[in-house]
Amino acid sequence: MKLGRITLDPPVILAPMHEVTDLAFRTLCEELGAGITVTEFLNAHGLAAGARGIVRRMTASLGGRPFGVQIYGRDLGPMARAAAMAADSGAAFVDVNMGCPAKKVVWGGAHRGGDGACRGAGVALMLDPDHAARIVEAVRGAVPDALPVTVKHRVGWDERHRNAADFARRLVDAGAAMITVHGRTKVQGYSGAVDLAAIRAVRAAVPPAIPVVGNGDVIDAASYHRMRTETGCDAVMVGRAAMTGPWVFTVLRAAATGAPPPPPITVAERRRVFLRHVALSRELAPEGAFREMRHALCRYVKGLRGASELRPLAFNAPTPEELLALAERFFEGAQAS
């Protein structure tokens, strides 16, 4: 799939996730087969104000690999300034979040690391298509012509307000170069079935030259093919499945390219991925590495015997060295069982 001057190969995107898709995790997912990754979703007001904790999360991928920056907010000025900052960072595209259902984004309040000026942002913008279009126009006007501006949204606010196709068409008219659709409403959150028909309706509503990305419950080769076949989407975006198993990108790369499927993940491979994540976190974000080690260990052992008992031990480990020793004992026991 082409987007501006880049080609997504495979057409599989790591979703932007708050306090998950930092540079270390993005690098890990790129190494495992993701076609492109996106930063954490970033508060435009905080970026425009120079908030250090937010600005430092707008990081370029290593080795010159293309990456996207996602921003959220409602006010046109900060959104435009944040988009310009993303362009200056070397982003291959700037994505506008119009799908986040979090209360602090939708209803306002002090979002961690920001100034709280985000009332009516995220998926709330689907209730105000006119203003959503103005945001796209402001962002489009703030970045070079060759830099794509993209949008991620949901199928609607609730069952009575399912306006994804019309909303997407309006945003494309305003300048959006790609649309990503999460196949649930705001009210659904992350529960219930993904509405593939709604994603298919978006694909039919916008011009063929505008890529449409399907998002929601893509967890393996079967769900990848189902999303692509039943919606006609040009690519998929993966979020929660990558959190607990970034090796999903190896599976999806094979599915996208027609290569033989990789063997099921082994305990030894889980250990290797965990240790690689640890090494990347220590190198790229040492101040938060211990926290990331704890979270990564608990996510990557999910489904293994003893994983639930490991979690409190991991979060009570007093030092990184003791956490690594705990991890080694767990993986050795899991391999032997």
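Sequence order as written defines the numbering, with residues in each chain counted from 1. With the structure being a predicted model, the display of local features is reserved for residues of pLDDT at least 70 and the display and counting of side-chain atom pairs for 80 or more, all residues being used for whole-chain, interface and lining totals. The basis for the side-chain values is all heavy atoms of the structure; hydrogens and waters are excluded.

J.: Teacher, can you tell me more about the nonpolar core here?
T.: To qualify as a nonpolar core, a set must consist of buried Ala, Val, Leu, Ile, Met, Phe, Trp, Tyr and Cys residues joined through side-chain atoms within 4.5 Å. Residue burial is assigned from relative accessible area. The probe radius is 1.4 Å, only protein chains are included, and a residue is buried under 20% of its type maximum, exposed over 50%, and partly exposed in between. In this structure, Met-98 and Val-238 are the most contacted members of the largest nonpolar core, which totals 96 residues. Only DSSP runs of H or I covering at least 4 residues are called helices, and only runs of E covering at least 2 are called strands; the numbering of each starts at the N terminus. When residues of this core are assigned to their parent elements, the largest contribution, 7 residues, is made by helix H15 (residues 320–336). Those residues within four positions of Val-238 in sequence are excluded, and the remaining contacts are Val-12, Ile-13, Leu-14, Ala-15, Asn-215, Val-218, Val-248, Phe-249 and Leu-252. Of all hydrophobic cores here, the second largest spans 13 residues; its members include Leu-8, Ile-36, Phe-93 and Met-237. Residues count as neighbours in contact if any of their non-hydrogen atoms are within 4.5 Å of one another.

J.: Help me understand the pairing of strand S6 (residues 93–98) in this model?
T.: On a regular strand, each side chain points to the face opposite its neighbour's, so the side chains alternate between the two faces of the sheet. Counted residue by residue, S6 has 6 buried out of 6 residues, so it is predominantly covered. Residues Phe-93, Asp-95 and Asn-97 of S6 are buried on one face, and the alternating residues Val-94, Val-96 and Met-98, pointing to the opposite face, are buried as well. With 4 bridges joining them, strand S5 (residues 67–72) and S6 adopt parallel strand pairing. Residue pairing for S6: Ile-71 is matched across the bridge by Val-96. Orient the strands so they point away from the viewer, and a crossover whose first-strand-to-second-strand path over the helix runs clockwise is right-handed. For the segment spanning S5, helix H4 (residues 76–88) and S6, crossover handedness is right-handed. Bridging between S6 and strand S7 (residues 149–156) involves 5 bridges; their strand directions are parallel. Bridge pairing in S7 places Asn-97 opposite Lys-152. We treat two strands as partners when DSSP finds at least two bridges between them.

J.: What am I meant to see in the packing of aromatic side chains here?
T.: The geometry of an aromatic ring pair is captured by the separation of the ring centres together with the interplanar angle, meaning the angle of the planes. The aromatic pairing rule takes the rings of Phe, Tyr and Trp, using the six-membered ring of Trp, and pairs them if the centres are within 6.5 Å, calling planes under 30 degrees apart stacked, those over 60 edge-to-face and the rest tilted. On inspection of all chains with the given rule, the structure shows 5 aromatic pairs. Their ring planes at 65° and their centres at 5.7 Å tell us that Trp-247 and Tyr-300 sit as a pair that is edge-to-face. Residue Trp-247 is located in the loop between helix H10 (240–244) and helix H11 (248–257), and its partner Tyr-300 is located in helix H13 (residues 289–300); the two are separated by 53 residues in the primary sequence. Assigned by exposure class, Trp-247 and Tyr-300 land together as buried. On the basis of an interplanar angle of 45° and a centroid distance of 6.1 Å, the ring pair of Phe-274 and Phe-331 is categorised as tilted. Of this pair, Phe-274 sits in helix H12 (residues 267–284) while Phe-331 sits in helix H15, and the two are 57 residues apart along the sequence. Taken as a pair, Phe-274 and Phe-331 share a single burial class, namely buried. In this structure an aromatic cluster arises from ring pairing among Phe-274, Phe-330 and Phe-331. Over the ring of Phe-290 we find Arg-294; its NZ or CZ atom is 3.9 Å from the centre of that ring. Note on criteria: charge over ring means Lys NZ or Arg CZ within 6 Å of the ring centre, with the direction from the centre no more than 35 degrees off the ring normal. Stacked on the ring of Phe-25, the Lys or Arg Arg-299 has its end atom at 5.8 Å from the ring centre.

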